[in-house]
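Observations on chain architecture
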Amino acid sequence: MKSLISLFVLLWAALVHAISSSGDRLLVVLEDVAEKEGYSKFLGDLEGRGFQINYETPKSEGLSLFHLGERSYDHVLFLPTKAKGLGPNLTPKILLDFINAEGNILLALSASQPAPTSIVSLLLELDIHLPPDRQGLVVDHFNYDVLSAPEKHDVLLLPPPGSLRRDVRDFFSPVAEGGELIAFPNGMGQTLGSGALLTPILRAPSTAYSYNPKEQAETVDDLFASGAQLSLVSTMQARNSARFTVVGSAELLSDKWFDAKVKKAGEKKEVSTLNREFAKRVSGWTFKETGVLRVNWIEHRLNEVGVTNVTNPKIYRIKNDVTYSINLSEYSWDKYIPFTVPENDDLQLEFSMLSPFHRLKLEPTISSEDSTTYSVSFKLPDQHGIFNFMVNYKRPFYTNIEEKNTVSVRHFAHDEWPRSYVISGAWPWIAGIGATVVGWLGFCAVWLYSKPAKSGESKKTQ
């Protein structure tokens, strides 16, 4: 009976942890709890994936992201609010502390409502910039929906974003077999700084631009940004792998546009939107359901014949042959799978002191149902000291891997040097020593066994 109860507890724990690699507690902040009905499909998808959702307004007195120094929630979703500020419980400092505590934030903006000052200050801390008036509308007179925005042209129709680079995996592009498009209605664009942690997911077309419809209703003189300068969906992954995503259009997540029919300007047929699948992929990445790497174990050892190959020794000798292995898994929605390095990218090992002595490519050697082992063999340098086995893998949209194992590398011991007769360069000197010894022994033999003539016999002869 106890074994059955233990098995049930383990299965239940596995089910709970299979939701998100960082937890299932989700806080949704919105103007009024009743507004959640407009996002029922999106929120229903989150609940279907196992998230425990708590709805709060900025004015809620019991709202707190921390309790006794620990996070009260694992993730936060901000929907547009009419309030100018978010109150004392959601200040920029508290939100930054939440990110520093490895909390994840998904922020949805809207061009119809100015962004709260707390959000603007937080975005400035992250080097993400909104229009100066905290309100701007993105329009495109060539890539708009003729059914819903024939005059304003503020509903952009965009193809799936695709991969950022050839060596970066694409987590956000839904499959569009029938030419489906992403609808981006009533959106606010952002511009990104030059920080290495910022990455755009969805950029505006070259013909799009952002302006203030209230102040520039008749003529547009001063643009906030245009073309690829505008990021419509942006991400920031901190050095602790906490994730922050800005979706410029909250309406993109609404029920109205999840299964809507749209027709792009210049096209003849209507197509469905990809908003539901795109929203799932963006929220799944933000809440660490995808793109999460885990190091299962690390092993380094001697790789020499006739030597006891102890695992993870603390000391090596110069010119030893060693093998380094690291076992990695990738979390994908509800389970861990073997991690595969993207095409045109490398997973590398550095063997370094102050700077790398070796930088080697790790090759996959063993693969199982939930992990892949990457290994490399090499010879240690002819330099003694304190060295590090280091794997520093930081790529867009993947959590960071920074593993360092410190070892000592010593000189040869007095009984480990090769004998002189093994070294071919010493053979002339050994031959010279041998010739000297043989010559000296020969001289001694001649000297000892050479008998001089007797003096008496010499006189008689005379």
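Attention here is on the structure that accompanies the text. (Residues numbered from 1 in each chain as written. Predicted model: local features only at pLDDT ≥ 70, side-chain atom pairs only at ≥ 80, totals over all residues. Heavy atoms only, no water.)

1. With respect to the overall build of the protein chain
In terms of helices and strands, the protein chain carries seven helices and 28 strands. Each of the three principal axes of the protein chain carries a C-alpha extent, and together these read 150 × 70 × 45 Å. Split into buried and exposed, the 462 residues of the protein chain put 45% on the buried side. Pairs at least 24 apart in sequence give 72% of the contacts found in the protein chain among residues at least 6 apart. Entry remark: accessible area of the protein chain is about 24600 Å², with carbon and sulfur atoms responsible for 55%. For the protein chain, the distance from the average site of its 47 positive side-chain charges to the average site of its 53 negative ones is 11 Å. (Helix = DSSP H or I, 4+ residues; strand = E, 2+ residues; numbered from the N terminus. Buried < 20%, exposed > 50% of the residue type's maximum accessible area, 1.4 Å probe, protein only. Contact = heavy atoms within 4.5 Å. Areas by Shrake-Rupley, 256 points an atom, 1.4 Å probe, with all protein chains shown as cover. Lys, Arg positive; Asp, Glu negative; His and termini not counted. Charge placed at Lys NZ, Arg CZ, Asp CG, Glu CD.)

2. Details of the layout of surface pockets
Space inside the largest pocket adds up to approximately 320 Å³. As for the largest pocket, its lining consists of 17 residues, of which Ala196, Leu197, Lys394, Arg395 and Pro396 are closest to the centre. Mapped onto the lining of the largest pocket, the elements with two or more residues apiece are strand 12 (198-203) and strand 15 (231-237). Classifying every residue of the lining of the largest pocket gives nine nonpolar, four polar and four charged. (1 Å grid on protein atoms, 1.4 Å probe; cavity = no way out; pocket = protein on both sides within 12 Å on 5 of 7 lines; lining within 4 Å. Points joined across faces, edges and corners; volume = space filled by probe spheres on them. Nonpolar A, V, L, I, M, F, W, Y, C, P; charged D, E, K, R; others polar.)

3. Side note on the side chain of glutamine 190
With respect to the helices and strands, the residue glutamine 190 is situated in the loop between strand 10 (182-185) and strand 11 (191-192). Exposure remark for glutamine 190: the relative accessible area of 0% places this residue in the buried category. Non-local contacts of glutamine 190, meaning those with residues more than four positions away in its chain, are made with Ile128, His129, Leu130, Gln229, Leu230, Ser231, Leu232, Val233, Ser234, Val246 and Gly248.

4. A look at the pairing of strand 1 (residues 25-29)
The buried count for strand 1 comes to four of five residues, which makes it a mostly enclosed element. Of the pairings in the sheet, the one linking strand 1 to strand 2 (residues 52-56) comprises five bridges and is parallel in character. Its bridge partner lying in strand 2, valine 29 is registered against glutamate 56. Direction of pairing for strand 1 relative to strand 5 (residues 75-78): parallel, over a ladder of four bridges. Bridge pairing in strand 5 links valine 29 to phenylalanine 78. (Pairing = 2+ DSSP bridges.)

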